[in-house]
Amino acid sequence: MKRNLVSVFSLSCMVAFVGANAQVKQDSTKEKTIEEVVLVNVGYGKQKKSVVTGAISQVTAKDLEKVPNGGVGTMLQGRSSGVTVAANSGAPGSGATIRVRGITTFGGANDPLWVVDGVPLENADIANINQADIASMEILKDAASAAIYGTRAAKGVILITTKKGRKGRMNISYNGFISTSSAAKTLKLLNSTEYAALMNERSLAGGGGVLYTNIGSLGVGTDWQKQVFSNNAMGTNHELSISGSSENSDFYLSFNTQNTAGIVAQPISNYDKKSFRINSNHTFLDRITVGESVFYTHQRNVGIGTSNSEFGGVLSDAIMLDPLTPIIETDPVVLNSNPNYLQPNIVRDANGNAYGISNVVGQEIVNPLAYIETQKGNFGYSDTFIGSAYVGVKLIKGLNFKTTVNGKKAWWGGQSFTPLYYLNANSSNTANNVLSRTASTGFDWSVENTLTYETKLGNHDFNLLIGQGTYENGMGNTVGATHTGLPSNSWVDASFNVSIPEANKRGYSYNFIPVHRTSLFARLNYNYKEKYLFTGIIRRDGSSLFGPDNKYGIFPSGSVGWVVSKENFWKDNSIVQMLKLRFGYGVNGNDGALAANQYESLLAYNYNYFINDLIQIGAAPATIANPNLKWEQTTQTNIGVDMRLVKNINVTAEYFDKKTAGILRQFAVPGYVGVANNPYGNIADMSNKGFEFEVNYRKSLGNVNFSASGNFSTLKNEVTNLGDAEYYDENGFQSLQGSLTRLIVGQPYGSFYGFKTAGIFQNWADVKAYTGAGGALIQPNAQPGDFRWQDTNGDGVITDADKVFLGQGLPTFNYGLTLNFDYKGFDLSALFQGAGGNKIFQGLRRLDVSTANYQTRALGRWTGEGTSNDYPRLTSNDTNGNFTRMSDFYLENGDYLRLKLVSFGYSLPKSLTENIHAQKIRIYVSGSNLLTLTKYTGYDPEIGGTTLGIDKGFYPQARTFIFGINAQF
């Protein structure tokens, strides 16, 4: 009974459980036993939680069993402090942006290192993992823990351990569900009558005439969002696993198939995934163990094309296209007189009707249903094998040798067909249709050898690990083919087997440049009576990404712990039953910002030279060499405390100070140097600081069991050095004046930069009263209804010198709360998560498409004195730059609280399940993204990407309902 209790507990606990006793009894022996079996994966081995000195969070299979199969990254959302998770898109199969303790470097090289059963993987590889195969996930957050992975550990390390067979009879488990998804929110946009009224007002204010004379007859018009959003996007998921174990062997097999339709543009939004896994371990002669972990995944993704972009795409079209344009045009007068409908390649629906073309909105903004037709037949795919095999030998008592071979073989590519089409005068393809196909193959491998010695001398416990690794990444190539001028203009009939002239065929190929890394590493774990604790790590890494002078880097770390409650002076009490203090310091590396050979001056071709008055084609250096390139180094200090309070409350608190030096980035060189590309250098430093808290509570009262897990973390990010540069402007937005963000010392990464508004001029007296020290008008071109710009430098004129920092896209705090109840056969769980302290750039309307539709917020615009102080007048002659200047007008509060998941289930009584030889049958219903509390007016406040918080038409996350069954035999 005690063993079963321990097993269940070890699956359901999180890292913040410091040997918590889930029972009401005060049996100290039982508490000690439970504490001992809580194991944590620390990399290259496991360690008892009671003696861990680093900052490691854990999520177990028990925590995930009620979470619908989706992205592995999003499973961490709300479940661990210090981890920021934001969806890259709501499209099925999309990944997530994950940041461990803030932003470590500039650009997109901030993804943590993933290690699955010992195989190091990139963020993109995690989509291959079947969530149901995961036994536990550990997040190594501090440098002292992550240093064992050296070169790629600066951004955090996430370890995944997959399931294996358990002793006893063979187990068969099935989990299947069907789902239906819809948009959790749509935008409030102007209807035809409202749109026409505002367009008239805008034209008259700019000196034009009335554009629409009988607006009362226009009605509601076309709701384009209804045309592109689905209210019943179906999905299915089936998982089957078989596992078992004998005295000397164990195995785990799993199969998974998943199909999910998107909620946007369903004909071109679909994700299909199939996977297979086999894990096994075998022992021979009581001293030799062998095993493998191998899985295969096939993915096929049909996407909506352009996403989160102001330059067209299904969502941008649905938001900005005017409601006056019909879905299809059936009026013969219009069809025979409007030049748009006389084009030979106009797009038609299945009944031959021409899709509507706007007379007022142009550029890339087109009828979204017509756009969908041009994207049909496009897809991407991948087939991936990832695996590891090992041999372990017990050499003598306590001394073990292990060699592991890891590998990843992948094939990926896609196919697209671009038909002849005419969507409007700016968006057309009238020359040739195009059929394209790409196919890539890649291979990564690594070999690691470790020697572990574990011994106990009296009350002194020692565990020594030394190891060596060789890693090869990025071997492979890409081939592609393009055929133009196919006889059929339908994607259904498009084929590379169709005979076309050789001149219409084009092929290409290129090889990848592999990256080579080698490592030596060692770790010592020591404790005295599990009261005084020490962990020391050192790793030496070499990388081909750097020149001979800086090819190698050394990354040390050390951490200590003191279990105060085990001291003789500590008196047993019912309030603080366990207290452990921890301190750690370490150095991690990062080379992820570089590609191969960027420290060298390579040649680029197709340069023109004049020799003897003749043009000669030759080569020139693409950039200048920088042999001094070296590793980014991230140092981190961590202070932590673990407590168990009043038997069943567990608290973990952390403070971290994380500093990155020598951030890799391209820097500008004068034009007379004569190179096309700027070289890379170690030019910047940045810091991240914060607090983390985790609280867990468990209680049983008769047949009622309850548990709650909450976490909260803060983050302060700051750029501390930019070398010789004063600042870098980043992230433009089409015709908006100025960039969205500025990188500068003293501000967080991704800080928004622009003008600050000070209300709206309500009348001419306000305009004339806004003067400088000399009495001159500060805004001489302003009129009533225009923004009053803050003259922040006090010089009496509004210039770029008045721009200020307006907030940041990176949340300054994250939190989560998980609640679990069960009573007899019924269970209920809920997950709440949220983030805040950040701003979101709401860029859902093109500035250069002046006739694009508005959100209904525009109905609250300034129309006269006292009508508005935050939304300026509409005019076609915006001399004040109300809408064309980057300002706080475009920034909104990004705080949100989301009911991420609710699950309710019922497990049939054993009296019924035993009749069919089942251990457990559970029927359940769950819902995700059911409620979001936010002031943000876009689709979704959770916006991932390289720079968080920039919304240009973000594919929103779906509200999903699931009906499923889980059976175990």
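Model, not experiment: these values are computed from the prediction.

Caption draft 1: Here's a closer look at the nonpolar core. One finds Phe 229, Ile 263, Val 264, Val 314, Leu 736 and Phe 841 to be the most contacted residues of the largest nonpolar core, which totals 72 residues. Where this core is concerned, the elements lending two or more residues are helix 5 (192-205), helix 6 (224-228), helix 7 (314-320), helix 9 (368-375), strand 19 (421-424) and strand 39 (787-789). Here the element with the most residues in this core is helix 7; it accounts for 5 residues. In terms of nonpolar packing, the next biggest core, distinct from the first, is built from 26 residues, Val 119, Ile 126, Ile 158 and Phe 295 among them.

Caption draft 2: Fine view of the pairing of strand 9 (residues 157-162). The element strand 9 is extensively covered by neighbouring structure, given that 6 of its 6 residues are classed as buried. Of the two faces of strand 9, the one lined by Val 157, Leu 159 and Thr 161 and the one lined by Ile 158, Ile 160 and Thr 162 are each fully buried. In the sheet, strand 6 (residues 113-116) pairs with strand 9 via 4 bridges, with the strands oriented parallel. When the sheet's bridge partners are listed, Leu 113 is paired in strand 9 with Val 157.

Caption draft 3: Summary view of the pairing of strand 48 (residues 958-968). In this sheet, strand 48 lies alongside strand 10 (residues 168-183) in antiparallel orientation, the contact comprising 11 bridges. Paired with Ile 178 across the two strands is Phe 963, which belongs to strand 48.

Caption draft 4: Layout of the pattern of salt bridges. Tallied over the entire structure, the rule returns 31 salt bridges. Taking the shortest distance from any N to any O, the salt bridge between Asp 117 and Arg 277 comes out at 3.5 Å. With Asp 117 in the loop between strand 6 and strand 7 (119-121) and Arg 277 in strand 13 (residues 270-284), this residue pair connects regions lying 160 residues apart in the sequence. Residue class for Arg 277 comes out buried when judged on its relative accessible area of 1%. The shortest N-O distance in the salt bridge between Glu 730 and Arg 665 comes to 2.9 Å. Taken together, the positions of Glu 730 in strand 35 (residues 727-730) and Arg 665 in strand 31 (residues 649-666) put the pair 65 residues apart, joining distant regions of the chain.

Caption draft 5: Examining the sheet that holds strand 36 (residues 741-744) more closely. Spatial ordering of the open sheet is given by 35-36-37-40, a layout of 4 strands whose pairing is antiparallel. For this open sheet the edge positions go to strand 35 and strand 40 (804-808), each flanked by a neighbour on one side alone. Looking at each pair of strands side by side, their axes are set apart by 40° on average, direction ignored. With 4 bridges connecting them, strand 35 and strand 36 associate as antiparallel partners. Note on strand 36: the bridge partner recorded for Tyr 727 is Ile 744.

Caption draft 6: Representation of the packing of aromatic side chains within the structure. Applying the stated criterion across every chain, the model contains 31 aromatic pairs. Relative to Phe 841, the ring of Phe 733 lies with its centre 5.1 Å away and its plane at 70°, an arrangement referred to as edge-to-face. With Phe 733 in the loop between strand 35 and strand 36 and Phe 841 in strand 43 (residues 839-842), this residue pair connects regions lying 108 residues apart in the sequence. No difference in accessibility class separates Phe 733 from Phe 841, as the two residues are buried.

Caption draft 7: The UniProt feature "domain: TonB-dependent receptor plug" (unreviewed entry) in the chain, seen in detail. Look at the UniProt record and you will see "domain: TonB-dependent receptor plug" (unreviewed entry) annotated at residues 50-157. Helix makes up 7% of residues 50-157 and strand makes up 28%, while its end C-alpha atoms are separated by 21 Å.

Caption draft 8: Representation of helix 5 in the model. Its 14 residues place the ends of helix 5 20 Å apart at the C-alpha level, agreeing with the 20 Å of an ideal helix rising 1.5 Å per residue. Buried residues of helix 5: Ser 192, Tyr 195, Ala 196, Leu 198, Met 199, Asn 200, Arg 202 and Ser 203, and no others. For helix 5, the N-terminal capping position is held by Asn 191, with its side-chain oxygen 3.1 Å away from the main-chain nitrogen of Thr 193. One or two residues past the end of helix 5 sits Gly 207, with phi positive at roughly 95°.

Caption draft 9: Main features of unusual backbone geometry. Backbone geometry places Asn 612, a non-glycine residue, at a positive phi of 55°. Examined against the element boundaries, Asn 612 turns out to sit in the loop between strand 28 (603-611) and strand 29 (614-621).

About the thresholds
Residues numbered from 1 in each chain as written. Predicted model: local features only at pLDDT ≥ 70, side-chain atom pairs only at ≥ 80, totals over all residues. Heavy atoms only, no water. Core = buried A, V, L, I, M, F, W, Y, C linked by side-chain atoms within 4.5 Å. Buried < 20%, exposed > 50% of the residue type's maximum accessible area, 1.4 Å probe, protein only. Helix = DSSP H or I, 4+ residues; strand = E, 2+ residues; numbered from the N terminus. Pairing = 2+ DSSP bridges. Salt bridge = Lys/Arg side-chain N within 4 Å of Asp/Glu carboxyl O. Axes fitted to C-alpha atoms, helices over the stretch in contact; angles between N-to-C directions. Phe/Tyr/Trp six-rings, centres within 6.5 Å; stacked < 30°, edge-to-face > 60°. UniProt positions renumbered as here; feature names shortened; annotations may be inferred. Expected span 1.5 Å × (residues − 1). Polar contact = N/O pair within 3.5 Å; in protein donor to acceptor, adjacent residues only side chain to side chain.

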